[in-house]
Amino acid sequence: MEPPQPGSRGAEALKHISPGSSITVAYHPFFGPYDDLLLLELDEKLLPDILHERVVLRGQPDEDSVLCTQSKTYAMKFVGTSNSVLLVPSANHSEFYENPQKNDSNNDEEKVVAPVIKVVSGNMELIEAAPRLDKLKSVLSEKPYNFEEYDDMGNLEENQECRVGLYNWNDLINNIQASDEELMSGLRALSAVEINGYWRLVDESYMDIILGMLLKNAVLNDWSLNALNEDEVVSTLESDGFPGVLARHCLHVYGKKANECMHSCVWKLDEKRVCVHFAREILKGGKRELESFMDEWRQKIPEGMQPTFDLVEGEVLTERVGVETWARAFSVASLPSNPAERFPILFRERPKWQWKDLQPYIRDLNVPGVSSEGLLLKYTRRTQPSPDTEPVFSAR
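Residues numbered from 1 in each chain as written. Predicted model: local features only at pLDDT ≥ 70, side-chain atom pairs only at ≥ 80, totals over all residues. Heavy atoms only, no water.

> It is not clear to me how the environment of Ile50 should be interpreted in this structure. Could you clarify?
With respect to the helices and strands, the residue Ile50 is situated in helix H1 (residues 47-51). Discounting residues that sit within four places of it in the chain, Ile50 has contacts with Leu40, Leu42, Val55 and Leu67. (Helix = DSSP H or I, 4+ residues; strand = E, 2+ residues; numbered from the N terminus. Contact = heavy atoms within 4.5 Å.)

Shown next as structure tokens:
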């Protein structure tokens, strides 16, 4: 190790200290609390993002801040230390303590001095966390897009009142505690669409009308639901009075790309998404006797699709009332993403759950470092009378 340079001061003096040796420590002339200066402990994999300024802090004044990279969210926690940490600034960045005494071993050299500008009692620690997306649905639900709004689309820029309750991308990243990639995934999960620069949820009744018109046109024009030409579908729906952006959105919500070429894209309607949509529409008015629900569901589903109950896992629950079985809507999308909030709601809905019924309502939970088994151990009590019976879960 290189010896300290004669008369060196500041952080540079600490670079060359040998293990077991000592150094003079003194108060810097500007010593103080500096509450706005914090130490941040980092995993090495995050260092490039920090050094290249690819991170951002997100949160409102009433929220705990999170640190976001392009793809992940980290909670920030202050961790106290039992030993004090002394901060010594660089010698070339400020005026430092001058020690008039000379080193006893060499009167021609100044003593090496480390001037302390702040005593630190702890540091900030980053913990990977799930994005806080519950607020996203709340803010987008303030003003869902509906049929009556189509005529006013051109007035958004001129009319300030029309923009109340609307959020563009910058508004969302300033309000939602999630990374950019997680936020975009959240928008896709909610079937949000960007209209005139603002991210919107589309009213379910309006989406029902658009999907119904698409299916009618498929019959009239002899379209295959497994090979829908995007340009043809959009052009036809526009001629029926629907905005082109919502015609394309309908394909994104209820279909999957089957083929993509330079000139046009071919879509295939997704059986599960279409079946879930019509099940929701039927149960919107309340619970239905199971046989009656299944009859109406089969009538609404396009020809060629097979409505089976496994398609609506996480959307519909059944319950026995006497000798009858009833179906009712209970969507996983309506539940909070925080396990501590979700499990109490689940057990208020049903005191006891079989695994086949519970699993669709917890498989989307995302807690970094915690598995589904870990969540079950923490929030549920498992009972299994015999090895050949299905386990039952109740509140812990």
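And the narrative resumes.
> Would you take a moment to explain the pattern of salt bridges for this structure?
For the coordinates displayed, the defined rule picks out 17 salt bridges. With a shortest N-O distance of 3.8 Å, Lys72 and Glu128 are connected by a salt bridge. Here the residue Lys72 occupies a position in the loop between strand S4 (66-68) and strand S5 (73-87), and Glu128 occupies one in strand S9 (residues 118-129), the gap between them amounting to 56 residues. On the accessibility criterion, Lys72 (30% relative accessible area) is partly exposed. Taking the relative accessible area as the measure of exposure, Glu128 reaches 33% and is therefore partly exposed. Its salt-bridge partner being Asp295, residue Arg298 comes within 3.2 Å of it at the nearest N-O pair. Taken as a pair, Arg298 and Asp295 lie in helix H9 (residues 290-300) at a separation of three residues, close to a single helical turn. A single salt-bridge network, built from bridges that share partners, covers Lys287, Glu319, Arg328 and Glu349. (Salt bridge = Lys/Arg side-chain N within 4 Å of Asp/Glu carboxyl O. Buried < 20%, exposed > 50% of the residue type's maximum accessible area, 1.4 Å probe, protein only.)

> What is the right way to look at the packing of helix H8 (residues 271-283) against H9 in this model?
In a packed pair of helices, the relevant descriptors are the angle between the two axes and the axis-to-axis distance. Here H8 crosses H9 at 130 degrees, and the two axes come no closer than 10 Å. Between H8 and H9, the angle is such that the two are oblique. Taken as a pair, H8 and H9 cross one another with a handedness that is right-handed. Contacts from Cys275, Phe278, Ala279, Ile282 and Leu283 of H8 reach H9 at Phe293, Glu296, Trp297 and Lys300. When the residues that make up the contact of H8 with H9 are grouped by side-chain class, the tally is seven nonpolar, no polar and two charged. (Axes fitted to C-alpha atoms, helices over the stretch in contact; angles between N-to-C directions. Parallel < 35°, antiparallel > 145°, perpendicular 65-115°, else oblique. Left-handed = near helix turned anticlockwise from the far one by under 90°. Nonpolar A, V, L, I, M, F, W, Y, C, P; charged D, E, K, R; others polar.)

> Mind showing me how you'd approach the side chain of Ser179 here?
Of note, Ser179 is situated in the loop between helix H3 (169-175) and helix H4 (180-189). Of the residues examined, Ser179 reaches a relative accessible area of 0% and is grouped as buried. Contacts of Ser179, omitting those with residues within four sequence positions, involve Arg58, Cys68, Thr69, Gln70, Ser71, Lys72 and Thr73.

> Got a minute to help me understand unusual backbone geometry in this structure?
Trans peptide bonds make up the majority, and among non-glycine residues the majority have a negative phi. Positive phi, close to 55 degrees, is recorded for Glu53, a residue that is not glycine. Among the structural elements, Glu53 can be located in the loop between H1 and strand S3 (56-58). A relative accessible area of 71% means that Glu53 is categorised as exposed. One non-glycine residue with positive phi stands out, namely Ser191, at about 55 degrees. Among the structural elements, Ser191 can be located in the loop between H4 and strand S10 (193-195). Judged by its relative accessible area of 29%, Ser191 falls in the partly exposed class.

> Looking at this structure, how should I read helix H7 (residues 244-254)?
Residues spaced three or four apart along an α-helix point in a common direction, a consequence of the helix completing one turn every 3.6 residues. Across the 11 residues that make up H7, a large majority, eight, are buried. Inspection of H7 places Gly244, Leu246, Ala247, His249, Cys250, Leu251, Val253 and Tyr254 among the buried residues, and these make up the whole buried set.

> Explain the sheet that holds strand S14 (residues 265-269) to me, please; I cannot follow it from the model alone.
Working definition: the strands of a sheet are paired by backbone hydrogen bonds and lie parallel or antiparallel to each other. One open sheet holds the three strands; their spatial order is S12-S14-S13, and the pairing between them is antiparallel. The open sheet has two edge strands with one neighbour each: strand S12 (228-229) and strand S13 (255-260). Pairing of S12 with S14 involves two bridges; the strand directions are antiparallel. In the strand pairing of S14, Leu228 is matched with Trp267. (Pairing = 2+ DSSP bridges.)

> Can you walk me through the side chain of Asn123 in this structure?
Relative to the helices and strands, Asn123 is located in strand S9. A residue is classified by how much of its surface remains accessible, and Asn123, at 15% relative accessible area, is buried. Discounting residues that sit within four places of it in the chain, Asn123 has contacts with Leu39, Glu41, Lys77, Phe78, Val79 and Thr81.

> Would you take a moment to explain the confidence of the model for the protein chain for this structure?
For residues with low pLDDT, the predicted coordinates do not support detailed interpretation. Summarising the model, the protein chain shows a mean pLDDT of 88, and 88% of its residues fall at 70 or more. Within the protein chain, H4 carries the highest mean pLDDT (97), whereas strand S6 (residues 102-103) carries the lowest (44). With pLDDT under 50 throughout, residues 1-7 is counted as low confidence; its partners more than four residues away or in other chains account for 12 contacts. Across residues 94-109, confidence stays below pLDDT 50; counting only partners more than four residues off in sequence or on other chains, it has 28 contacts. (pLDDT = per-residue confidence, 0-100.)

> I'm lost on helix H12 (residues 372-379) in this one. Help?
Looking at H12, one finds that the buried residues are Leu375, Leu376 and Tyr379. Looking straight down H12, one finds its buried side chains confined to an arc of 100 degrees; they lie on one side. Looking at H12, the residues exposed on the side facing more than 90 degrees away from the buried face are Glu373, Leu377 and Lys378. Residues of H12 that are buried make contact with helix H10 (339-349), helix H11 (355-358), strand S19 (380-383) and strand S20 (392-395). (Arc of directions from axis to C-beta.)

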